[in-house]
Amino acid sequence: MRRNSSTRTATKSPALGNSTFNLTSIAILGGVLILGIGIGIAFSSTATLTPSNVATREFIDIKAPNPEICVQYGASAMVMDARLFLTLNPFSVYVSQSSMRPGCVLRTNNWQVLEQKGLITSQQVRDCKNRLNTFAFTGELGSKDVNISCVYQNSGAQNFFLNEPGAVAPPVETERF
């Protein structure tokens, strides 16, 4: 009797069973991954940003005085005011309670914003420029509580969080203000 070569008996190979198991495992792991990403997004979007929890640069940008001017012409900043007292006899140093508030540092090529509003004079601009400094302010521009200072950018200041052992990349140089 001659067998027809076109008819084959279907036998289940062990590889086919493993393939089904692998597809199921991959589908479950993919679902868990998508669920984890969804939970992470939901958690981060509902995080509370209060003054006791300053977590992002965006929060600092929003709280800066005149945020639209600050972001466009400079950078938002956290300003810390403290007073130091030094006595010589006996030698001792005293520090007052510091206060923190939002502020803004302008780039040197954007000082005209302050000049146009009549908040700084040409003499102040010359003095600040001669010392290779820039201007920073706290308070809303145009209000009576605005406080403008000529500030020096300390290039020696480093972010020591980035210099920890095991850090992946060296600190990125910031733009010169």
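Everything discussed here concerns the structure shown above.
Residues numbered from 1 in each chain as written. Predicted model: local features only at pLDDT ≥ 70, side-chain atom pairs only at ≥ 80, totals over all residues. Heavy atoms only, no water.

Enquirer: I'd like a description of the pairing of strand 4 (residues 99–106), backed by residues and values.
Expert: Relative to strand 4, strand 1 (residues 74–81) is paired through eight bridges, and the arrangement is antiparallel. Counterpart to Ser76 in the pairing with strand 4 is Cys104. Of the strand pairs in this sheet, strand 4 and strand 5 (residues 134–138) are connected by three bridges, and their pairing is antiparallel. Within strand 5, the residue paired with Cys104 across the bridge is Phe137. (Pairing = 2+ DSSP bridges. Helix = DSSP H or I, 4+ residues; strand = E, 2+ residues; numbered from the N terminus.)

Enquirer: I'd love a proper account of the packing of aromatic side chains, names of residues and values included.
Expert: Applying the stated criterion to the full structure yields one aromatic pair. Relative to Phe135, the ring of Trp111 has its centre 5.0 Å away and its plane inclined at 80°; by these criteria the two rings are edge-to-face. Of this pair, Trp111 sits in the loop between strand 4 and helix 4 (112–116) while Phe135 sits in strand 5; the two residues are 24 residues apart in sequence, bridging distant segments of the chain. Exposure remark for Trp111: the relative accessible area of 4% places this residue in the buried category. (Phe/Tyr/Trp six-rings, centres within 6.5 Å; stacked < 30°, edge-to-face > 60°. Buried < 20%, exposed > 50% of the residue type's maximum accessible area, 1.4 Å probe, protein only.)

Enquirer: Just give me the short version of the sheet that holds strand 1, but keep the residues and values in it.
Expert: For sheets, the rule is that strands pair by backbone hydrogen bonds, running either parallel or antiparallel. Strand order in the open sheet made by the four strands is 1-4-5-6, with antiparallel pairing throughout. Strand pairing shows two members of the sheet lacking a second neighbour, strand 1 and strand 6 (147–151), which therefore form its edges. For this sheet, the mean angle separating the axes of adjacent strands, direction not counted, is 35°. Taken together, the five bridges between strand 5 and strand 6 define a ladder with antiparallel strand orientation. Residue pairing in the sheet places Phe137 in a bridge with Ile148 of strand 6. (Axes fitted to C-alpha atoms, helices over the stretch in contact; angles between N-to-C directions.)

Enquirer: Residue-level account of the environment of Leu141, with values.
Expert: Mapping Leu141 onto the fold places it in the loop between strand 5 and strand 6. Taking the C-alpha atoms as reference points, Leu141 and Leu114, separated by 27 residues in sequence, lie 8.3 Å from one another. Not counting residues up to four positions away in its chain, the partners in contact with Leu141 are Asn66, Ile69, Val113, Leu114, Lys117, Leu119 and Val146. (Contact = heavy atoms within 4.5 Å.)

Enquirer: Please provide a residue-by-residue account of the pairing of strand 5, values included.
Expert: For strand 5, the buried fraction is high: five of the five residues fall into the buried class. Side chains Thr134, Ala136 and Thr138 project from strand 5 onto one buried face, and the interleaved Phe135 and Phe137 project onto a second face that is buried too.

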